[in-house]
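# Topology and contacts: notes
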Amino acid sequence: MEDNTNLILKGIELSSQGRYEEAIQCYDQALAINPNDKEGWDGKGDALDDLGKHEEAIICYDYVLRMHPNDSTWAMKGIVLNKINRHQEANICFDKALAMNPHNATALTMKKNNQEKRVTLDLLEKGDKLSKMMGKAIEAYQAKKYEEAIPHLQESLKILKD
C-alpha cells in the first residue's frame, strides 16, 4: 500500500502528463488515507479543472479553504470561477487571496484582467448604444424627418458624455 505523500506525488506526475483521470484516482486514494490533506484536495481540484469539470473543482477548493485557508487556493478558485463566467465571485476570491498575501501574482494579474475586461465590455456596450442611436438619427435625417432625428442625436450626445 502506497503512502499518502507518494500517492499525491504520483497524482502530480500524472497530471503533468495530461493523465488527469488517473491523477484523480491517485488523489482519491491519498484522500482515503488522509481526508484532510490540502495537497490532495488541491491536486484533485486542479485535475478536475483541467478536465473541464469546473463545478467539481470548486467543491475541492472549497473543502481546502474550510480546512486550510490560503492565498493560492483562493486564487485557483477565482481562476475556475472566471472560466465559468462568474467574474464577480472570482474577484471576491482574488481579494481574499490578496488579503492573505498582497504579492500573490496570480490574484493580482487575474483581478487586473477582470477589471480590464469590465472596462472593455462597458466601452463596447456604450459603442453599441451610440451606434444604434446614430443609426436612427441618420435614418430619420435621410427620410427628411428632422424632428425625429433630434432626440436620437440628443441621446447620442448623452451617451458620449457618460
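Our structure's up above, just so we're on the same page.
Below, the structure is looked at part by part.

Cut-offs used in this document
Residues numbered from 1 in each chain as written. Predicted model: local features only at pLDDT ≥ 70, side-chain atom pairs only at ≥ 80, totals over all residues. Heavy atoms only, no water. Salt bridge = Lys/Arg side-chain N within 4 Å of Asp/Glu carboxyl O. Helix = DSSP H or I, 4+ residues; strand = E, 2+ residues; numbered from the N terminus. Buried < 20%, exposed > 50% of the residue type's maximum accessible area, 1.4 Å probe, protein only. Phe/Tyr/Trp six-rings, centres within 6.5 Å; stacked < 30°, edge-to-face > 60°. Expected span 1.5 Å × (residues − 1). Arc of directions from axis to C-beta. Disulfide = S-S within 2.5 Å. Axes fitted to C-alpha atoms, helices over the stretch in contact; angles between N-to-C directions. Parallel < 35°, antiparallel > 145°, perpendicular 65-115°, else oblique. Left-handed = near helix turned anticlockwise from the far one by under 90°. Contact = heavy atoms within 4.5 Å. Core = buried A, V, L, I, M, F, W, Y, C linked by side-chain atoms within 4.5 Å.

Turning next to the pattern of salt bridges. Overall, the coordinates contain 10 salt bridges when judged by the stated rule. Lys-77 is paired through a salt bridge with Asp-62; the nearest N and O atoms lie 2.5 Å apart. In this pair, Lys-77 is assigned in helix H5 (residues 71-83) and Asp-62 in helix H4 (residues 54-67), connecting sequence segments 15 residues apart. By relative accessible area, Asp-62 is classed as partly exposed at 25%. Linked through salt bridges whose partners overlap, the residues forming this network are Glu-55, Arg-86 and Glu-89.

This paragraph deals with the packing of aromatic side chains. Here a ring pair, both rings aromatic, is described through the centre-centre distance and the interplanar angle of the planes. For the structure on display, the rule yields 2 aromatic pairs. Relative to Tyr-63, the ring of Trp-41 has its centre 4.4 Å away and its plane inclined at 45°; by these criteria the two rings are tilted. Taken together, the positions of Trp-41 in helix H3 (residues 38-50) and Tyr-63 in helix H4 put the pair 22 residues apart, joining distant regions of the chain. Taking relative accessible area as the criterion, Trp-41 reaches 16% and is therefore assigned buried.

Moving on, we get to helix H6 (residues 87-100). The terminal C-alpha atoms of H6 lie 20 Å apart, and with 14 residues this matches the ideal 20 Å at 1.5 Å per residue to within 8%. Among the residues making up H6, those that are buried are Ala-90, Asn-91, Cys-93, Phe-94, Ala-97 and Leu-98. Summarising the axial view, the buried residues of H6 lie within an arc of 160°, below the 170-degree limit, and thus occupy one face. Of the exposed residues in H6, the ones pointing more than 90 degrees away from its buried face are Gln-88 and Ala-99.

The next subject is the state of the cysteines. This model, assessed by the stated rule, comprises 0 disulfides. Not engaged in a disulfide, the cysteine Cys-26 finds its nearest cysteine sulfur in Cys-60; these two sulfurs lie 15 Å apart. Since its relative accessible area comes to 5%, Cys-26 is described here as buried. The thiol of Cys-60 is unpaired, and the distance to the nearest cysteine sulfur, on Cys-93, comes to 15 Å. Owing to a relative accessible area of 3%, Cys-60 belongs among the buried residues under this scheme.

With that settled, consider the packing of H3 against H5. Orientation of H3 relative to H5, taken along the N-to-C sense of each, is 20°, at an axis distance of 11 Å. For the element pair H3 / H5, the angle class is roughly parallel. The way H3 lies across H5 gives a crossing that is left-handed. Contacts between H3 and H5 involve Lys-38, Asp-42, Asp-46 and Asp-49 from the former and Ser-72, Thr-73, Met-76, Val-80 and Lys-83 from the latter.

If you look at the biggest cluster of nonpolar residues, it comprises 30 residues, and the most contacted ones within it are Phe-94 and Ala-107. At the level of secondary structure, the elements contributing two or more residues to this core comprise helix H1 (4-16), helix H2 (20-33), H3, H4, H5, H6 and helix H7 (105-142). Beyond its immediate stretch of four places on either side in the chain, Phe-94 contacts Ala-75, Gly-78, Ile-79, Asn-82, Ala-107, Met-110, Lys-111 and Asn-114.

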